[in-house]
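Below, each chain spelled out in residue letters.
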Amino acid sequence: MMTPVLSFCGLCILLILGKLLRVRFAIFQKLYLPSSVIGGLVGLAVMSVFPQ
């Protein structure tokens, strides 16, 4: 029942983390990577290290 809410919160956290990484590191700005792509890559890395 709470699974959709938790999934949405997780995606929001990844998007915020992507935005923070894009602002902090100039390489992401120079490559014109959007925050959603950076957050998605972080989420992919986390899911590969900690599989369900």
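The structure this text deals with has already been given above.
Residues numbered from 1 in each chain as written. Predicted model: local features only at pLDDT ≥ 70, side-chain atom pairs only at ≥ 80, totals over all residues. Heavy atoms only, no water.

Undergrad: What's the story with the overall build of the protein chain in this structure? I'm lost.
TA: Within the protein chain one finds three helices and zero strands. Each helix (α) and strand (β) of the protein chain, taken in turn from the N terminus, gives the series α-α-α. Here the C-alpha coordinates of the protein chain stretch approximately 40 × 20 × 15 Å along the principal axes. The buried share of the protein chain, reckoned over its 52 residues, is 10%. Put simply, the protein chain shows about 4,400 Å² of open surface, and 77% of that area lies on carbon and sulfur atoms. (Helix = DSSP H or I, 4+ residues; strand = E, 2+ residues; numbered from the N terminus. Buried < 20%, exposed > 50% of the residue type's maximum accessible area, 1.4 Å probe, protein only. Areas by Shrake-Rupley, 256 points an atom, 1.4 Å probe, with all protein chains shown as cover.)

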